[in-house]
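# Chains, contacts and geometry: an overview
The lines below spell out each chain.
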There are 2 protein chains.
Amino acid sequence: MSCYNQAMSLVVVGSVAYDGVETPHGKVERMLGGAATYIGLAASYFTPVKIVAVVGDDFAREDVDLLAAKGIDLEGLERVPGKTFFWEGKYSADMNDRETLRTDLNVFADFDPKLPERYRAAPYLLLGNIQPALQSGVLAQMRDAHLAGGDTMNYWIRDYRAELLATLRDWDFLLINDSEARMLSGERNLRRAAARILEMGPRTLVVKRGEYGAILFANGCHFMAPGYLLEDVFDPTGAGDCFAGGFIGYLAERGVNPHGGSVDMKDWRRAVIYGSVMGSFCCENFGVDRFRALTRDEIDARFQELQNCTSF
Amino acid sequence: MSCYNQAMSLVVVGSVAYDGVETPHGKVERMLGGAATYIGLAASYFTPVKIVAVVGDDFAREDVDLLAAKGIDLEGLERVPGKTFFWEGKYSADMNDRETLRTDLNVFADFDPKLPERYRAAPYLLLGNIQPALQSGVLAQMRDAHLAGGDTMNYWIRDYRAELLATLRDWDFLLINDSEARMLSGERNLRRAAARILEMGPRTLVVKRGEYGAILFANGCHFMAPGYLLEDVFDPTGAGDCFAGGFIGYLAERGVNPHGGSVDMKDWRRAVIYGSVMGSFCCENFGVDRFRALTRDEIDARFQELQNCTSF
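Note that this is a predicted model, so its numbers are computed, not measured. (Residues numbered from 1 in each chain as written. Chains lettered and ligands numbered in written order. Predicted model: local features only at pLDDT ≥ 70, side-chain atom pairs only at ≥ 80, totals over all residues. Heavy atoms only, no water.)

The angle between the axes and the distance between the axes are what describe a pair of packed helices. All names here are of chain A. Helix α11 (residues 296–310) packs onto helix α9 (residues 265–282) with a crossing angle of 115° between their chain directions and a minimal axis gap of 10 Å. For the pair α9 and α11, the crossing hand works out as right-handed. Along the contact surface, α9 presents Arg270, Ile273, Tyr274, Ser276, Val277, Met278, Ser280 and Phe281, while α11 presents Arg296, Glu298, Ile299, Asp300, Arg302, Phe303, Leu306 and Gln307. Its residues placed into classes, the contact of α9 with α11 shows eight nonpolar, three polar and five charged. (Axes fitted to C-alpha atoms, helices over the stretch in contact; angles between N-to-C directions. Helix = DSSP H or I, 4+ residues; strand = E, 2+ residues; numbered from the N terminus. Left-handed = near helix turned anticlockwise from the far one by under 90°. Contact = heavy atoms within 4.5 Å. Nonpolar A, V, L, I, M, F, W, Y, C, P; charged D, E, K, R; others polar.)

Another aspect to go through is empty space enclosed by the protein. A full pass over the atoms with the stated rule returns two cavities of 30 Å³ or more. Here the largest cavity defines a volume of roughly 170 Å³. Around the largest cavity sit 15 residues that line it, and Met224, Ala225 and Pro226 of chain A together with Ala225 and Pro226 of chain B are the ones nearest its centre. Counting residues per element, the ones that place at least two in the lining of the largest cavity are β13 (221–225) of chain A together with β13 (221–225) of chain B. Here the residues of the lining of the largest cavity are counted per class, giving 10 nonpolar, three polar and two charged. Looking at the second largest cavity, its volume works out to about 40 Å³. If you list the elements that add at least two residues to the lining of the second largest cavity, you get β2 (17–23), β3 (26–33) and β6 (86–91) of chain A. (1 Å grid on protein atoms, 1.4 Å probe; cavity = no way out; pocket = protein on both sides within 12 Å on 5 of 7 lines; lining within 4 Å. Points joined across faces, edges and corners; volume = space filled by probe spheres on them.)

Turning our attention to the sheet that holds strand β7 (residues 98–104) of chain B. Residues and elements named next belong to chain B. The strand order across the open sheet built from four strands is β3-β2-β6-β7, with neighbouring strands paired in mixed fashion. On the outer flanks of this sheet lie β3 (26–33) and β7, each paired with one strand and no other. Between one strand axis and the next, the sheet turns through 15° on average, direction left out of account. As paired strands, strand β6 (residues 86–91) and β7 are joined by six bridges and run antiparallel to one another. Following the sheet pairing, tryptophan 87 is matched in β7 by threonine 103. (Pairing = 2+ DSSP bridges.)

Quick look at the pairing of β13 of chain B now. Within a regular strand, the side chains alternate between the two sheet faces. All names here are of chain B. Counting buried positions along β13 yields four of five residues, so the element is predominantly enclosed. For strand β12 (residues 214–218) and β13, the ladder comprises five bridges, and the chain directions are antiparallel. Residue isoleucine 215 lies in a different strand from β13, and its bridge partner there is methionine 224. In this structure, the hairpin formed by β12 and β13 is closed by a connection of two residues, where asparagine 219 is found at a positive phi of approximately 55°. (Buried < 20%, exposed > 50% of the residue type's maximum accessible area, 1.4 Å probe, protein only.)

Right, dumping it as structure tokens:
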């Protein structure tokens, strides 16, 4: 991993967890999961990643090893007495819906992210879906982020609205799905919803649409990226987080810095496509399994395939 | 309309009807509708159209005039004693679902399409959604169609399967929506569904995905077209038919003839984009109202806008 330019490194904050998942393709009782895990693994193909998260003393050596093998900096992975966050869910037959069967926050309930000194100068920050005030606290610890943004969810939008709005004001970009965009803006139409959200602070909004891809809104324009048409979806868990990882990872690789001068929209468009690509790979196997053997060449080949499938 | 090359003319077969429609934007008790109406109006911007349909003696002069003003040949518009087909429906708040409140087939119940002699040499044929045996009967009346295909629906797929399969064998292309593709193929995954359907006869399949656009499957490849992101959807009635009209209209304008030599996939891709464009215009007003003033320049500008919104 020494070939990376350390200046481009990315801090990822969020959950590292164990998941139990059932899909029409099978059931796994317990496997590595969590937003920071998926984001970090996906981003690691593009840029050096530093994770901030908390796990319990049950966190397995082999899971640490997987993250380390991808060159992920684990100094910010705090280990405390107790159990790691556990989530269990079951997907519907068409995998467009899922039911949460169990959520044991465990050590994650007291997560108070503290950035190691070495992390604070990193130019890129991706805040996974955690309480908005904690997200703000992380950004305040960064010295000079070129590009900072993140994800949120219906729970924070509904019950922590004021906190969330205060947090969003300082973000360069927000990544949410279409139903969250509607809830946050109060607008049903996506184009109107996006216009409202861009007034809340972030200069860039990415609306994820599941299998239908994503739309980037910025500078009064939008860019529509398709979802890659998979022949088999084994497990959609983490696909949205992998989208985020591919997106911010590529922007970091390209050294995109909207505060430091000109912005090439081509980089942002391609970042959305790489997000779509990473989300699609995630679905090809249970949990993080697809990333054990995935190569950058496969990623770039799928990027090219999406270009071939959409140009006219 | 004399500037058109008559050799490229398109025969459109289907319903010409009156619709009552309620959407969150308002309610119209009775307005011009029907698949052949929407297909014909959308296609008329690209190629000369000849309609085959039946109406009752209540069919209004102003509606004949609208079709005629677009240069549509109405020799095949049979007028018989009785009432014109009437459909009434109400859309859900997000307009993704609709409830049929009333279907009075009236004179359409005995529709037995007979092509005027002048129509039989037309090179292009679009069969709107009618009984599969009637669709076959129309194709049999054509002398040498370069390109023939059409639409169907869940009712024929479920209850007239054998007839439908016999009909599809002779089509060059099939245009259906995603749920119909799943039902026809028995496959939930769209890529697998498309592979199955292409074994049934048509060399080209277009799967419409509503607001998410459409996918063209042919020659072992696929092309994904986005849906145009509208700021206001007034009435989605007829959008799928307008997609079909833009699609076949553009292929006719380009003189595409898969039986006569080489096929340029670029024409097919652009035909799907023009389909998406025409479907989007249709939603901008109630019924066919958007087509009263729509110009080809506006159509081409939206085509260009879709190119700008998707290239990377």
